[in-house]
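Summary of structural features
What follows is the residue order along each chain.
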Amino acid sequence: MHKKLLILLLLVSILVTGCATATTQAPAATSIPPTPQTIILTSAPQTIIETVISEVVVTATPAPNPEAVIQGVEADAEIGFWTFWLSPTFDQYIKDTIARFNQAYPGVTVNWEDHQATFQDDLKASFAAGNAPDVINLSVSEGWVSDYASQGLLLSLDELVPQSVKDLYFPGLWNEQLIDGVNYQFPWYQGINVYLINHQLYDQTGLTIDDFPKNWTELPALCATIKEKTGTLCDIRLTVNDLISQMVYEGNVKPISDDGTSFTFDSAEAVAWLQQYVDMVTAGTVDKTVLVTDQDRVGLDLFTSGQAAFYATGPNLIREVRANNPGLYGYLGVVPAPVGKSGVIGKGLMSLSINAQTEYPNASIALAQFFTNPRSMLEFSKIVSIYPSTPDSYADPFFSAAPVAIEDSAKPFAEDAISKYADIVPTIPHKADVNAILLRYVQDALFNNVPAQQALTDAVAEANLLLP
Amino acid sequence: MSKKFSLTPYLFLTPALVVVAIFVLYPIFAVLYYSFTDYSIVTPPVWVGMKNYSWLIHDPIFWKSLGHSFIYLLVTPILIVLSVILAIVVNRKLPGIHAFRALFFIPVISGSIAVGIAWRLMLDRNGIINALLLSVGILKEPMQWLAEPSLTLPFCMALTIWLGVGYYMMIFLAGMQNIPEELYDSAMLDGCNSWQKHWFITISGLRPQITFVAVISSLAALQVFNEVFTITGGLGGLLQSAYTVVFYLWQQAFRLSHAGKASAIAMVLLLITLAFSMINIRLLERGTEAD
């Protein structure tokens, strides 16, 4: 009896194994979903119930990838992609996004490089050598897009990008840094203009965080208080590579006449703007080396070392404070940046542009668009406190969740703030030269006792020589 | 009787000539050409004739930079004096003297960028210099050393001296090994004191090395860049206080994308350094003839 039962069980197991093998080897010709089959075998003295999942491997035509929104991507394209100061912290994100890009646009090879302090020099050298990357991470806030676009080095996107794709971005960001009304950049990650507060110093002034200036014109009084109460200097930086832009946002200065025939940054508004900085230098309340450095890191390092009460930056750079001075991290506060006289709270931070000489314009546009699409932006936001340029990203619960870490404190108002970002600086001919002239005369006013009005009048006279 | 032509020496010279042609002559002629063009590095050059040189003549910043470069030449005599003194000091058979020689040489192998950054940190408002001066009561509040236009260039020059003194010391030390010991013995017998021995024997014996150091250090001073860049954080000092010719050249080429103007500056600098080299070589020859 036992023998018979054993033989029966053996037969049943052979039968079951055979069925399973047969089903997994079945040709995948149809799109039949996996079907559970229940086989009931009855035999004395017991009943054995086996459930077998019969799987069918399907090779159906893949559905269109919703992220593949650019048509006509060149087959077997190989494109270079340069980022600015993202490695090694974000290596995994970049690599993962490129891998996802390869799924959306199979056959495109992306050669990614990250360049840091020498980014601009490397990029210029590569343009000169004719091997510039196809997709380039350019700073909007430093004016790089307009610099390169005005030299004819970037690809105009208006005609090549479908309207449905343009509509994915905040209009104010898509229309930033236009050159003669033409756009040359996909808006990438954005920063919220905030001031980081070092409570260890700031609280010595007797002020609360609610007392922090809401308007840019209130900063000198705060700096005077900080110096008086703490003996430290204000860590304020002029954007020396784009002074005109700073004049426009902070001082509501009109830099050039409507017909573009003369510069006008010697107006009463411009003088008032410069005078505010002159007064702070004269009062000895600002760090002069930080004031005119062209490296944001110089100011950030001073703040990170715990020797400044506040610093204007983005929440994304709180990670630098946490990494380099964990002791200070616990004393950080974040306040929205004071608004300048223009009333516009800010402009974009980073963008992706395309080399005008690219061999693969569609593949390059596809990559730039892919990195700036709502999903990529959202995933980037989740690993660092940057903010998407795409409204759809903000629909994710990540942005509606209450902030936990200080890095996230701008999340609740980020969408509203970024939706109002706008570039209000008109196209400036010979911008780098004009800026260099202006910087020279601004320094004369700041450090050489030249009256602000005279410095700016001289600067305008010299800059006007550059105009036709 | 005519000399027989031999191809062999030319074959031996060819590799070196090819290297010089590619890496020296071609760049010089390319820069000469670019100096007559409007060239932004990233776009093709456009011929503009003498426009860049005309601009240079009327550019006050260029003249200011040139003036700073000539002021920078002061490092040469200081370097020579300090290096000779150091060489005399370490040219003794004392316990541990090799360690001192090595210590003096360390800045040479440290690299100007790294040392420049270190100096910048030391001179920072919160750096060690201020900390020391505050602790001994010389300062009441921290100084912004690098924000003082009158001090920026001297700091750069001090850095150049600090970086170079060990290297030149070694040259003088090597030169001193060739001065016969008998000369010092005779001087001693003649009643010379220590100062007179060094003045009449050591300094005289080192004349070829002094001329050599004068040539190379003055050429290096005219071409200084790293020290200015690192000490001033790439700004060139407040009010262009540390602009030198090469710094201004770099700024024109890589900050303002005016490679044509930068090339014109480079050609002027080439002429100045050529003139300096010729004067120095002439002095060297005269010194050798006198010997």
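Here goes a summary of the coordinates provided. Quantities reported herein were computed from a predicted structural model and do not represent experimental measurements. (Residues numbered from 1 in each chain as written. Chains lettered and ligands numbered in written order. Predicted model: local features only at pLDDT ≥ 70, side-chain atom pairs only at ≥ 80, totals over all residues.)

Some thoughts on the sheet that holds strand β6 (residues 186–187) of chain A
All names here are of chain A. As summarised here, the arrangement of the five strands in space is β4-β3-β5-β10-β6, forming an open sheet in which the pairing is mixed. A strand with exactly one partner marks an edge of an open sheet, and here the two such strands are β4 (109–115) and β6. In this sheet, strand β10 (residues 350–354) lies alongside β6 in antiparallel orientation, the contact comprising two bridges. Looking across to β10, one finds that Pro-187 is bridged to Ser-351. Here helix α15 (residues 361–371) sits on the sheet and contacts β3 (78–84), β4, β5 (135–139), β6 and β10; the angle it forms with β10, its principal contact strand, is near 170 degrees. (Pairing = 2+ DSSP bridges. Helix = DSSP H or I, 4+ residues; strand = E, 2+ residues; numbered from the N terminus. Contact = placed C-beta atoms within 7 Å. Axes fitted to C-alpha atoms, helices over the stretch in contact; angles between N-to-C directions.)

With respect to the pairing of β10(A)
Successive residues of a regular strand alternate their side chains across the two faces of the sheet. Residue and element names in this part refer to chain A. With five of its five residues buried, β10 lies for the most part within the structure. Alternating residues of β10 divide into Met-350, Leu-352 and Ile-354 and Ser-351 and Ser-353, and every residue in both groups is buried. Where β5 lies against β10, five bridges are found, and the strand directions are antiparallel. When the sheet's bridge partners are listed, Asn-137 is paired in β10 with Leu-352. (Buried ≥ 20, exposed ≤ 12 C-beta atoms within 10 Å, placed from the backbone.)

Some words on the nonpolar core
Judged by nonpolar contacts, the single largest core of 176 residues is most densely connected at Leu274(A), Leu367(A) and Leu456(A). The element best represented in this core is helix α8 (residues 149–177) of chain B, accounting for twelve residues. Residues in contact with Leu274(A), not counting those within four places in the same chain, are Val442(A), Ala445(A), Ala452(A), Ala455(A) and Leu456(A). (Core = buried A, V, L, I, M, F, W, Y, C linked by C-beta atoms within 7 Å.)

Topic: the interface of chain B and chain A
Each partner contributes to the interface: chain B provides 19 residues, whereas chain A provides 24 residues. Residues of the side of chain B that touches chain A, tallied by class, amount to ten nonpolar, seven polar and two charged. (Nonpolar A, V, L, I, M, F, W, Y, C, P; charged D, E, K, R; others polar.)

A closer look at the environment of Leu243(A)
All names here are of chain A. One can find Leu-243 in helix α9 (residues 243–251). What makes Leu-243 buried here is the crowd of 24 C-beta atoms within 10 Å. Taking C-alpha positions, Leu-243 is 6.3 Å from Asn-435, a pair spaced 192 residues apart along the chain. When near neighbours in sequence (up to four residues on either side) are disregarded, Leu-243 contacts Leu-238, Asn-435, Leu-438, Leu-439 and Val-442.

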